[in-house]
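If you want the building blocks of each chain, they are given just below.
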Amino acid sequence: MRRRFPEVFLGIGFVGIMSTLFLGLNWAPSVSINAFESPAAQRIFYWHVPAAWAAFIAFGVLFTGSALWFFKRSPFGWRLHVAGAEAGLACGLMTVWSGCVWGAAEWGTPWDWTDVRLNTFGLLTLLALFLVLGRQSQPDGVETRDTFSTFGLYGFVLVPLTYIATRIWQIRHPGPVIGAGDDGGSLQSSMALVLLIGALSFTIFIIGHMMISMRITHLEQRLEHAQKKLDGGN
Amino acid sequence: MVVPSENGRFDVGLQSRTSMPASLLSLVDIEVRRGMGVVFSGFNLEVDSKDVVVLHGENGAGKSTVIESCARLLPLERGSILHHGSLVVDSEGRRSLAKQPFGLTLQSNGLLGDETVENHLSTVCSLSGMKTDLLPLLDAYGLAHRRYDRIGQLSGGQARKVAVLTGLLPAMLSREPRLVLLDEPATGLDERALARLISDIGQLREAGHAFVIASHHPEIMKCATRLHDLKSETSQNQPESQPWQALGIEENISLLSTRTGHRYLRSTRAGLARNGLTALLVLGALLAFIDPASLEKSILVGFVLAAPFAAGLAGDPVVYLMREQRAGDWWRAHVNRLPAADFLAPVLGFTLTGLGSILFLDAFNWKISVIGAGVLWATLLCVRFIELSTLRLARPNAVFIRLLLPILILPWALVVEYAATL
């Protein structure tokens, strides 16, 4: 059963995400037509925010893995790095894509090159893409791992910058609706419930995704080791 | 002085560390990994004045790895390397320039095809803080008639001779003992050049210089004082020969990396070919599809500054050039700052922005032109930093480094906003 944990996590996460989508599109109340240019498009928020949350978890794992490899030469750390980069790319693309759809409907433009939040998050996603594609283009080795884990470490600077961006420079991206620091909060309870289900589902899904990714990387390493043995190397 | 240890490695004798003058090269308990394999671990080597250590052994044993580690080109997993008693690299990531110049010949030459033979060897002399008449040396290796030719026009064997001379020069110039690292120096040399090389090694050894040479060649192995197969070592005596008479005259050098980068650019025109043309294409494309009269000033300023930005995104042309035959690695072994296109950025940036402001704003605007020079300089610097970060990879050209360049768009957009207010 323990060996099936990742698949179970993925399954539960997937069902949860689908439920979030259903509830977000059909059950959650509409927002005020006075507050938004395109109130219907706001429902994408139930996908966008949990995906961004999961992306931050993945980037945290990427940073931890990069640090473990870079400072401790831990093979487990490298597997975390690979899993974090892949999960960060998946969730980052989900967030950017959904954000662009909402931006096109609400602002009339899918992207704004002068908005700090959009750009720093976009860069994090590009960093994950760079790490995933770059790793596939290179033979595995300490040189490859050192270089990419260095980028993983430096790239993490963007995470706190992305988090505080809308608190410091609110150019186009809306400010925080949760944990904004004000006493009331601006979400209705039913909206918050759907959002909570979404965040939990994405978290479970991304954990399952990373566990499977780590397992695949481990198998790749075993295969390479076996091939080296056949070649007569050490 | 060199004592076999229990594991068959050779260890540094205590006496040599305390009472003798510092060795020219000390490898202390080093471990180096390449790919996922450990090439060697717990390796010790001490090289003193008048030593000629020839590393031999089967392919993949780690001979070139030793040479490149000594030249600070590979990071150490464990241990440290010292030149003349001063640390040059260790496993903690410390990396310092060797206080004394040393000679280095890489297996893949490390030469830039657009340099002339004379210019390249003069630069090697300058790195040692010396100058000399190169003609007798070139004549001895059969290269005198090729003195003013570009290295790219030479045959493979002739280029190898230049690479070997590059490695020998720091010792040939100096009266003080120098370390010389040669990786497969005999490959591609004709009989006359090989005989000359062996004679030079003998004379330089007599003058007190020390060599670490990776080679299988029987003639090179014959001139060794110590034969090392990376597991065990044997000594052999060498007949006395006439010591080498140092050729160098001391010379004050400054801004060598900048001057060399500028010369690379002048001889290749890579700055215009890569960065200049990229910017002109951007300007041309914008002019072809957009009517400037119909746009507001902030967008027009964006167009003007798009040209230097695009030129910067094309990357430092000197870094691009130095990927040839690992020329960048050869430089990295000797200096902390690689040759760069220092003058290109401000000059090209000012010119392109001036041209853009005439095209889009109908008048030359010197303030925006200065900003354009800064945009190109800053962009080039960032791209150069990112590109140099990936040079250690096995396939640096295959990595998707340009994916990271959008990081520069936000600062550029903010600069455009500011410039539009001027």
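Whatever comes next refers back to the structure up there.
Read on for a plain summary of the structure. Please read these numbers as outputs of a predicted model, since none were measured by experiment. Each chain carries its own residue numbering, running from 1 in the written order of its sequence. Chains and ligands are labelled by the order in which they are written, letters from A for the one and numbers from 1 for the other. This being a predicted model, a pLDDT of at least 70 is required before a residue's local features are given, and a value of 80 or more before pairs of side-chain atoms are given or counted; all residues contribute to the totals for chains, interfaces and linings. Here the side-chain values reflect all heavy atoms present in the structure, with hydrogen atoms and water set aside.

**Notes on the overall build of chain A**
Thought 1: To qualify as a helix, a DSSP run of H or I must reach at least 4 residues; to qualify as a strand, a run of E must reach at least 2; elements of each kind are numbered from the N terminus. From N to C terminus, chain A includes seven helices and zero strands.
Thought 2: Reading chain A from its N end, one meets helices and strands in the order α-α-α-α-α-α-α.
Thought 3: Exposure categories follow from relative accessible area, calculated using a 1.4 Å probe and restricted to protein chains: below 20% of the type maximum is buried, above 50% is exposed, and the middle band is partly exposed. Counting only residues that meet the buried cut, chain A has 47% of its 234 residues in that class.
Thought 4: Whether two residues are in contact is decided by their heavy atoms, any of which lying within 4.5 Å being enough. In chain A, the share of contacts with a sequence separation of at least 24, taken over all contacts with a separation of at least 6, comes to 75%.
Thought 5: Residue-level accessible areas treat just the shown protein chains as cover; the underlying method is Shrake-Rupley with a 1.4 Å probe. Within the structure as shown, chain A displays about 11700 Å² of accessible surface, and the carbon and sulfur contribution to it stands at 68%.

**Focus: the state of the cysteines**
Thought 1: Only a pair of cysteine sulfur atoms within 2.5 Å counts as a disulfide in this structure description. Tallied over the entire structure, the rule returns zero disulfides over all chains.
Thought 2: No disulfide involves C223 of chain B; its sulfur sits 17 Å from that of C70 of chain B, the nearest cysteine.

**Section: the sheet that holds strand β7 (residues 86-90) of chain B**
Residue and element names in this part refer to chain B.
Thought 1: Spatially, four strands are ordered β4-β3-β6-β7 in an open sheet, and the strand pairing comes out antiparallel. Lying at the two open borders of the sheet, with one neighbouring strand each, are β4 (37-47) and β7. This sheet shows a mean twist of 30° between the axes of neighbouring strands, independent of strand direction.
Thought 2: Two elements, strand β3 (residues 25-34) and β4, share seven bridges in a ladder whose sense is antiparallel. Its bridge partner being in β4, R33 is matched across the sheet by V38.
Thought 3: Relative to β3, helix α2 (residues 63-70) is tilted by about 120°, and along the sheet it contacts β3, β4, β6 (78-83) and β7. At least two bridges found by DSSP between two strands are what make those strands a pair. Fitted lines through C-alpha atoms give the axes, limited to the stretch in contact for helices. The angle between two N-to-C directions lies from 0 to 180 degrees.

**Side note on unusual backbone geometry**
Thought 1: A positive phi angle, near 55°, is found at R73 of chain A, a position not held by glycine.
Thought 2: Mapping R73 of chain A onto the fold places it in the loop between α2 (45-72) and α3 (75-106).
Thought 3: Here R73 of chain A falls in the partly exposed class, since its relative accessible area comes to 24%.
Thought 4: The residue R72 of chain B is not glycine, and still its phi comes out positive at about 65°.
Thought 5: If you trace the backbone, R72 of chain B turns up in the loop between α2 and β6.
Thought 6: The class of R72 of chain B is buried, set by a relative accessible area of 2%.

**Let's talk about the nonpolar core**
Thought 1: Core analysis: the largest hydrophobic core is formed by 160 residues, its most contacted members being F130 of chain A together with L27, L104, L168, L181, L197 and F211 of chain B.
Thought 2: In terms of residue count, helix α5 (residues 156-173) of chain B provides more of this core than any other element does, ten residues in total.
Thought 3: The contacts of L104 of chain B, once residues within four sequence positions are left out, are I67, A71, T166, G167, L181, W330, A333 and H334 of chain B.
Thought 4: In this text, buried Ala, Val, Leu, Ile, Met, Phe, Trp, Tyr and Cys residues form a nonpolar core when linked through side-chain atoms within 4.5 Å. Membership of the second largest hydrophobic core comes to seven residues, among which are V31, M191, V194 and L195 of chain A.

**Concerning the interface of chain A and chain B**
Thought 1: Between chain A and chain B, the contact holds 29 residues from the first and 27 residues from the second.
Thought 2: Summed over both sides, the interface between chain A and chain B buries roughly 2400 Å², with carbon and sulfur atoms accounting for 69% of that surface.
Thought 3: By definition, a salt bridge exists where a carboxyl oxygen of Asp or Glu is found within 4 Å of a side-chain nitrogen of Lys or Arg. Remark: the boundary between chain A and chain B carries one salt bridge.
Thought 4: In this structure, the salt-bridge partner of R73 of chain A is E77 of chain B, at a minimum N-O distance of 2.7 Å.
Thought 5: Only α4 (116-137), α5 (142-155) and α7 (189-231) of chain A provide two or more residues apiece to the side of chain A that touches chain B.
Thought 6: The element contributing the most residues to the side of chain A that touches chain B is α4 of chain A, with ten residues.
Thought 7: When the residues that make up the side of chain A that touches chain B are grouped by side-chain class, the tally is twelve nonpolar, nine polar and eight charged. Simply put, the buried area is the total loss of 1.4 Å probe accessible area from both parts when two parts are fitted together. Classification used: nonpolar for Ala, Val, Leu, Ile, Met, Phe, Trp, Tyr, Cys and Pro, charged for Asp, Glu, Lys and Arg, polar for all others including Gly.

**Let's talk about the side chain of S174 of chain B**
Residues and elements named next belong to chain B.
Thought 1: Inspection of the secondary structure puts S174 in the loop between α5 and β10 (179-183).
Thought 2: We classify S174 as buried; its relative accessible area is 5%.
Thought 3: Of note is the side chain of S174, whose polar atom sits 2.9 Å from the backbone oxygen of E176. Under the rule applied, a polar contact is a pair of N or O atoms within 3.5 Å (in protein, one hydrogen donor and one hydrogen acceptor; residues adjacent in sequence only if both atoms are side-chain atoms).

**Describing the pairing of β3 of chain B**
Residue and element names in this part refer to chain B.
Thought 1: Buried residues dominate β3, accounting for seven of its ten residues.
Thought 2: Connecting β3 to the antiparallel partner β4 that follows it, the hairpin turn spans two residues, and G35 within it adopts a positive phi of roughly 60°.
Thought 3: Of the strand pairs in this sheet, β3 and β6 are connected by five bridges, and their pairing is antiparallel. Bridge assignment links L27 to a residue of β6, and that residue is I81.

**Examining the packing of aromatic side chains**
Thought 1: Stacked, edge-to-face and tilted labels apply to pairs of Phe, Tyr and Trp rings (six-membered ring for Trp) whose centres lie within 6.5 Å, assigned for plane angles under 30 degrees, over 60, and everything in between, in that order. Tallying each qualifying case throughout the model produces 16 aromatic pairs over all chains.
Thought 2: Aromatic pair W47 of chain A and W97 of chain A: ring centres 6.3 Å apart, planes at 85°, arrangement edge-to-face. Of the two residues, W47 of chain A is situated in helix α2 and W97 of chain A in helix α3; the sequence distance between them amounts to 50 residues.
Thought 3: Site record: aromatic cluster; members linked through ring pairs are W47, W97 and F202 of chain A.
Thought 4: Geometrically, a charge over a ring is one whose NZ (Lys) or CZ (Arg) sits within 6 Å of the ring centre while staying within 35 degrees of the ring normal. For R145 of chain A, the ring lying beneath its charged end belongs to W69 of chain A, and the centroid distance is 4.9 Å.
Thought 5: A cation sits over an aromatic face here: R274 of chain B above Y320 of chain B, 3.8 Å from the ring centre.

**As for the pairing of β10 of chain B**
All names here are of chain B.
Thought 1: Counting buried positions along β10 yields five of five residues, so the element is predominantly enclosed.
Thought 2: Of the two faces of β10, both are covered, the one formed by L179, L181 and D183 as well as the one formed by V180 and L182.
Thought 3: Judged from the five bridges that link them, β10 and strand β11 (residues 210-214) form a sheet pairing that is parallel. Following the sheet pairing, D183 is matched in β11 by A214.
Thought 4: With its strands directed away from the observer, a crossover is right-handed exactly when the path from the first strand over the helix to the second travels clockwise. Remark: the β10/helix α6 (residues 191-206)/β11 crossover connection has right-handed handedness.

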